[in-house]
Amino acid sequence: MLIDIFTDYIRNRKDLRKYVVERKTIQERGEFNDATLIQVQENLERLKVENPDIYEKMYEVLETVFENDAGQIVDYSLNFARQMSKMFKNRTPEDIYKEYKAVLKHKYQTLG
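A. Geometry of the environment of Ser77. One can find Ser77 in helix 5 (residues 73-86). Put simply, Ser77 and Val65 are 12 residues apart on the chain and 9.6 Å apart in space, counted from C-alpha to C-alpha. Apart from the residues lying within four places of it in its own chain, the contact partners of Ser77 are Ile3, Phe6, Thr7, Ile10 and Phe66.

Set out below in structure tokens:
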């Protein structure tokens, strides 16, 4: 249940600070601690302002991953958040985007 809520927040670009509050009412353990989730949200906001093109491209990759559904749906939003948690830490947004986009070349993501 918690992963479904998290996925909704990620895919629909909802504020993860609200997710941090909401998940406290659910008796499941999340993948990320509160501080990491807040950092992911701050990185998303910063990226949207400083590099809106990369911001949109990150979400395009996320949606492509969901469309190609390779059977690991639980991981899709988690992997997106992991990449966003790395944003602005000694690496450029372009580097993070290239790393994230590489998931589309994974044999389990490729169709046909």
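B. Layout of the packing of helix 4 (residues 52-67) against helix 6 (residues 93-101). The geometry of helix 4 relative to helix 6 is characterised by a closest axis approach of 10 Å and an angle of 10° between their N-to-C directions. Relative to helix 6, helix 4 is oriented roughly parallel. Listed contacts from helix 6 to Ile54, Lys57, Met58, Val61 and Leu62 of helix 4 are Pro93, Glu94, Ile96, Tyr97, Tyr100 and Lys101.

C. Fine view of the pattern of salt bridges. Across all of its chains, the model carries 12 salt bridges by this definition. Lys14 is the partner of Asp8 in a salt bridge, and the nearest nitrogen-oxygen pair spans 2.3 Å. Using a relative accessible area of 29% as the deciding quantity, one classes Asp8 as partly exposed. With a relative accessible area of 35%, Lys14 lands in the partly exposed category.

D. Local environment of helix 1 (residues 2-11). Buried residues of helix 1: Leu2, Ile5, Phe6, Thr7, Tyr9 and Ile10, and no others. Buried-residue contacts for helix 1 involve helix 2 (16-23), helix 3 (34-50), helix 4 and helix 5.

E. Representation of the nonpolar core within the structure. By size, the foremost hydrophobic cluster in this structure holds 31 residues, and its most contacted members are Phe6, Tyr19, Met58, Phe80 and Met84. When contributions to this core are tallied by element, the ones reaching two or more residues are helix 1, helix 2, helix 3, helix 4, helix 5 and helix 6. The dominant element in this core, judged by the number of residues it contributes, is helix 4, at eight residues. Residue contacts for Phe6: discarding those within four places in its chain leaves Leu16, Tyr19, Phe32, Leu37, Ser77, Leu78 and Ala81.

F. Structural view of the packing of helix 5 against helix 6. The contact between helix 5 and helix 6 brings their axes to 9 Å, and the two run at 160°. Relative to helix 6, the element helix 5 lies roughly antiparallel. When the axes of helix 5 and helix 6 are compared, the crossing they make is right-handed. In this structure, helix 5 uses Tyr76, Asn79, Phe80, Gln83 and Lys86 to contact helix 6, whose residues at the interface are Ile96, Glu99 and Tyr100. Here the contact of helix 5 with helix 6 is built from residues that sort into four nonpolar, two polar and two charged.

Quick notes on the rules
Starting from 1, residues in each chain are numbered consecutively following that chain's sequence as written. Confidence filtering applies because this is a predicted model: local features only for residues at pLDDT of at least 70, side-chain atom pairs given and counted only at 80 or more, and all residues used for totals across whole chains, interfaces and linings. Hydrogens and water molecules were not included; the side-chain quantities draw on all heavy atoms of the structure. Strands are runs of DSSP state E lasting at least two residues, helices are runs of H or I lasting at least four, and both sets are numbered from the N terminus onward. The criterion used for residue contact is that any of the two residues' heavy atoms lie within 4.5 Å. Here an axis means a line fitted to C-alpha atoms, over the contact stretch when the element is a helix, while the angle between two N-to-C directions is reported on a 0 to 180 degree scale. Our angle categories are set so that under 35 degrees counts as roughly parallel, over 145 as roughly antiparallel, 65 to 115 as roughly perpendicular, and the remainder as oblique. Criterion for a salt bridge: a side-chain nitrogen of Lys or Arg within 4 Å of a carboxyl oxygen of Asp or Glu. Working definition: with a 1.4 Å probe on protein chains only, accessible area under 20% of the residue-type maximum means buried, over 50% means exposed, and in between means partly exposed. Buried residues of nine kinds, namely Ala, Val, Leu, Ile, Met, Phe, Trp, Tyr and Cys, make up a nonpolar core once their side-chain atoms join them within 4.5 Å. Handedness of a crossing follows from how the near helix is turned relative to the far one, being left-handed for an anticlockwise turn of less than a right angle and right-handed for a clockwise one. Amino acids outside the nonpolar list (Ala, Val, Leu, Ile, Met, Phe, Trp, Tyr, Cys, Pro) and the charged list (Asp, Glu, Lys, Arg) are all regarded as polar, and Gly is one of them.

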